[in-house]
Amino acid sequence: MTRGAAARARSAAAVVARSVGGDPAERRRRRLLGAALTCCAAFLLAAVAVATFGLAGPECLRTPGGSTVCVDSGGGYTVTSPPGVSEPIDDFSFGGRLVPDTSGLAPYVGESGLRPGVVVAALLLVVPFAVFALQVVRLGSAARERRLAALRLQGATSADLRRIAAAEVRGTGLVAGVAGLPAYLGLWLLLGVLPPSGWRLLPTPAAALVVGWPVVAVLVVVAAVLAARRAADVGTVDALGLSRRRARPLSRSSATTTAVILGVLVLGLVLLFLAPNGAAAGVVVLVLPLVFVAAAVAAGPWIVVAVGRRHVRRGNPVAVLAGRRLIADPRTPGRVAGVLLAVGLAVGFAVSDVIGIFLSGRTDPYDLAFFGGGILTALAAIGLAAVVAALSLVVGASEQVLDARRPTAALVALGAEPATVVRVVRTQLRSVSVLPAVGGAVVGATLLGGWFAVAEGGGRAWVVPAALGAVVVAVLVAGGAAALGAAGAQRLLRRPLAEAMSVESLRTA
Amino acid sequence: MTPPSTPGDLPGTPPPDHLAATVPVPAGAVLEAHGVQHAYRRTVALRGVDLRVDAGEVVAVTGPSGCGKSTLLHAAAGLLVPQAGTVTLLGRDLARLTEDERALLRRREVGIVLQFGQLVPELTAVDNVALPLLLDGHPADGARRLALDWLERCGAEDVAATMPSDMSGGEAQRVAVARALVTGPSVVFADEPTGSLDTLAGRQVLGLLVAAVRERGASLVIVTHDNTVAARSDREVRLVDGTVASEAVLR
Amino acid sequence: MCIVIGMSTADVVLALLSRGPAHGYDLKRGHDTWFDQGRPLAFGQVYATLARLERDGLAAVAHTETGGGPERTVYEITPAGRARLAAWVAEPAEPAAPGADELIRKTVAALRLGLDPAGFVARQRAAHLRRMRALEQTPATDPTSRLVVEHAVAHLDADLRWLEVAAGYVSTDGAAAPVQLLHHVAAGDHSDDSPDDQSDDSPDDHSDDRSRA
Ligand SMILES: Nc1ncnc2c1ncn2[C@@H]1O[C@H](COP(=O)(O)OP(=O)(O)OP(=O)(O)O)[C@@H](O)[C@H]1O
Ligand SMILES: [Mg+2]
């Protein structure tokens, strides 16, 4: 293709992208995408802010006695005193001012050793938003998919389609990336200013943010464009998508990706097990949660397929329909299931931890504040992730419901009670929410509980019952929250479902 | 092969006073519609239509596009409750049934075939056909066997394991006919069942539908644009602009 | 309604003869098998036709059979006859001229004179549908007789579509209508759109038309 032709195709792509902007469904899609990407950018910036906190700390200080103390790269300091002055210099001489000002920050943010954990947590919080964004990009609206199929039918090449898809999200991605900073500042007001001293999670904005901002913005745009291009791939949108929508089974490449990530996860776990105190262990501990979430998100679709198959085997029509629907498009619900699996696991850890702390008889108020605060914060983050995952679920499910309007109406015409159709959707939602959340909680609570049991040597009688109790509580918390989320999603789906079941839907294409 | 035994009594059998309140159903009438009126937001679709279908009768409803054929069919099948008029289907006043009772009635006594796109996209042909039986609580094995039987009768056994997205229009319609007939309905409603097919495929599907309905002694109400389809019926009811313009007995 | 419209008997007899030598009774039977829905061929017509063919040199007497019963003359086709037959089949049939049909004459009269045109259209529609139904129900004895039925059905269908157009003229004002109605026929426009609902036309109508064309 000559340069001129490429430019023409690109401008045609821009025209298509702009002209569909007037479609209300498309506008809603862009707003959702923008919001999700903005949140991604904000949490990325939070990670940047926490990670770079203290790196640009004060280099030299003058002491009351006239000495100059400079921090050197190794973390120590050198003291230059005027002749005749000899001051005893230690960590506490300057009220801690040699290290950055951590007054007011929560201990796990303030203490440099714990800070990477917080960075990882911020990165983990990007995942649910990214899944949500991916969901919006991928399915978008059935109308969008049909539009791409129609373009393909008219002779657009797959490169054209990718270009159009990219053009559709580029602007949104850029706006979201730029809006990331204001959003972060809002987050900072919420988490770094409003909370009482000692509970603040985000440091005062520093120069690093100015550097991080454009980098994050570019990252967001690139990720969105790449996702959109993939979603517009020939395999996903064929010309026939116009008239017949096919099931999109999982591909071999996604199996490979899942296997690789799972392999890395196992490798990390083995490393940790073999050398729990080695130098690498610290890094592994930090990276492991990220790998785990990646593995869960990658494996989610496969889990959903497995659950779907089990439903189908159960044979009753509601289960069969729900199962078939899960199998027909396992990707989006699968990713949500992955996030919820991770959420469940985190709940399991947290609950186990809390029970462990309280039963271990630690009564030091500092300890309690430290662990309690950390766990509360973690639970809030987990809750946020769960809510975002539930919203992804709503977007995906309403998509599927509206897409299947005509067959759904035909099903009702055939004599299915509306309640039956509702039960199908409920089964679908629960299978990808309650099931993985409970599974994660069981695994998490058992792992940590088992760890405690081993660490305590089983010497104390309460260890095993406490571990079992932790499992039960974790299951109740995670399962309950997921069921609540599924119920909420179901509520939000009531209207699209009613619309799909109405006779008018028999008139749609 | 025998069709499944007649389904049990429907719950909500009309009480005596309810029976007295409606027009007595003439013996042999499967469907009695009186003065049916229905309007969508701005458009008046039906302006007082009477329609009677006897047991074993094949009735064609024809008329120009937009004259209200589909609306009449939907009202007759209990998919919508018209704003005025009564519809008595198999002796039951549809307006007096709850939505679930109407669903149950359709499931057990009524078959429905639409123009296209009525199969559940996630189910194979045989599962689609078995679905009404499964919904009615029949055991899965028996339902699938019966479904296969009907697919065979409808000449669609080759696509039994195929997904709707991979079927031709004619195959999908054959499957839809099998699904409409698998429960052994007393009346079948079809809205342009051959409208999306070419002449030959359309004729085959129609022949299948009419033959199967006649064999069972069931009734068929078929909405169509196609004169050759109308010519297969016993009686043509022609709608124009929401009213019955003419009726012709063809038998 | 006669099915073998515009088909000259001489050409058909020639066609039947081309299968091999035959006598008059064979030819009549052959004709009635080919066109089993049509009017049977009269014996008198067979012999008159054979005489004409012989005169024109298209058929000739092969021999005379005298076995048992009455004497029977067996005819055969001549090379000139074969040429004529080939030319006849090669030449497309003349499409019907507008106004040539009783149906059109009656419709135009009913519309022009305002003699219950709606009732006329409805009755005519019923008559056509009944005929169509009867034709559809005749068992197919052999492939070409089924074809002949198909032709009749297609014609009836075309008439019915045209009647729908006529019904549209009944419901609008009918003053200048009949002339345009004839245009519909002349242009072979059997679309079932009445002039005022073309916007409602669904796409599948078109595919339907195409498959019929
Ligand atoms: N959901 C709706 N909202 C508004 N108007 C509607 C709706 N459904 C149907 N109509 C109108 O009601 C009238 C009758 O529609 P209906 O579908 O019953 O006609 P039809 O005879 O089946 O037409 P066709 O042959 O094209 O299928 C039409 O004018 C149509 O535009
Ligand atoms: Mg219709």
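Anything mentioned here points back to the structure above.
So, here is what we can say about the structure in this document. Remember, predicted model here, so these are calculated numbers, not experimental data. (Residues numbered from 1 in each chain as written. Chains lettered and ligands numbered in written order. Predicted model: local features only at pLDDT ≥ 70, side-chain atom pairs only at ≥ 80, totals over all residues. Heavy atoms only, no water.)

## A few points about the interface of chain A and chain B
Note the cut-off: Here, two residues are considered to be in contact whenever any of their heavy atoms come within 4.5 Å of each other. For any pair of parts, buried area is found by adding up, for both, the accessible area (1.4 Å probe) each one loses once the two are put together. We define a salt bridge as a contact between a side-chain nitrogen of Lys or Arg and a carboxyl oxygen of Asp or Glu at a distance within 4 Å. Contacts described as polar in this section are N or O atom pairs within 3.5 Å, which, within protein, must combine one atom able to donate a hydrogen with one able to accept it, while residues neighboring in sequence count only if both atoms come from side chains. Strands are runs of DSSP state E lasting at least 2 residues, helices are runs of H or I lasting at least 4, and numbering of each runs from the N terminus. In the scheme used here, Gly and all other residues not listed as nonpolar or charged are polar, with Ala, Val, Leu, Ile, Met, Phe, Trp, Tyr, Cys and Pro taken as nonpolar and Asp, Glu, Lys and Arg as charged.
Contact with chain A, which involves 29 residues of that partner, is made by 33 residues of chain B. At the boundary of chain A with chain B, total buried surface from both sides reaches about 2700 Å², with 63% on carbon and sulfur atoms. The largest share of the area that chain A buries against chain B comes from Arg324, Arg406 and Leu414 of chain A, three residues that together contribute 22% of it. Here chain A and chain B share three salt bridges between them. Of the charged contacts in the structure, one is a salt bridge between Glu122 of chain B and Arg325 of chain A, with a shortest N-O distance of 4.0 Å. Where chain A packs against chain B, one counts six residue pairs in polar contact (both at pLDDT 80 or more). At the level of elements, α10 (317-328), α13 (405-414) and α14 (418-455) of chain A are the ones that each hand at least two residues to the side of chain A that touches chain B. Counting residues per element, the side of chain A that touches chain B draws most heavily on α13 of chain A, which supplies seven residues. Broken down by class, the residue content of the side of chain A that touches chain B amounts to 15 nonpolar, five polar and nine charged.

## Concerning helix α15 (residues 463-492) of chain A
So the rule is basically this: Take the number of residues in a helix, subtract one, and multiply by 1.5 Å to get its expected span. Per-residue accessibility, obtained with a 1.4 Å probe over protein chains only, is compared with the maximum for each type, and a residue is labelled buried under 20%, exposed over 50%, and partly exposed between these values.
End to end, α15 of chain A covers 43 Å across 30 residues, agreeing with the expected 44 Å (1.5 Å per residue, within 8%). For α15 of chain A, every residue scored as buried is listed here: Val463, Ala466, Ala467, Ala470, Val471, Ala474, Ala478, Gly479, Ala482, Ala486, Ala489 and Gln490 of chain A.

## Some remarks on the sheet that holds strand β9 (residues 235-240) of chain B
All names here are of chain B. We apply this condition: By definition, two strands form a pair when at least two bridges between them are found by DSSP. Axis geometry follows a simple rule: fit a line to the C-alpha atoms, using only the stretch in contact for helices, then measure angles between N-to-C directions, giving values from 0 to 180 degrees.
Taken together, six strands build an open sheet; the order of strands is β6-β7-β8-β3-β9-β10 and the sheet is mixed. This sheet does not close on itself; its edge strands, each paired only once, are β6 (110-113) and β10 (243-249). Taking each pair of neighbouring strands and ignoring which way they run, the sheet shows an average axis angle of 15°. Alignment of strand β7 (residues 187-191) against strand β8 (residues 219-223), held across five bridges, turns out to be parallel. Paired with Asp191 across the two strands is Val223, which belongs to β8. Where helix α2 (residues 69-76) meets the sheet, its contacts fall on β3 (58-62), β7, β8 and β9, and the angle it forms with β7 comes to roughly 155°.

## Quick notes on the pattern of salt bridges
In total, this model carries 29 salt bridges over all chains according to the counting rule given. Among the ionic pairs, Glu32 of chain B bridges to Arg52 of chain B, the shortest N-O distance being 3.7 Å. Of the two residues, Glu32 of chain B is situated in strand β1 (residues 29-39) and Arg52 of chain B in strand β2 (residues 44-54); the sequence distance between them amounts to 20 residues. The residue Arg108 of chain B makes a salt bridge to Asp136 of chain B at a minimum N-O spacing of 3.1 Å. Of this pair, Arg108 of chain B sits in helix α3 (residues 99-109) while Asp136 of chain B is found in the loop between α4 (125-135) and α5 (140-153), placing the two residues 28 residues apart along the sequence. Take Arg108 of chain B and Asp136 of chain B: they sit in the same class, and that class is buried. One salt-bridge network, in which partners are shared between bridges, spans Glu417 of chain A together with Arg107, Arg108 and Asp136 of chain B.

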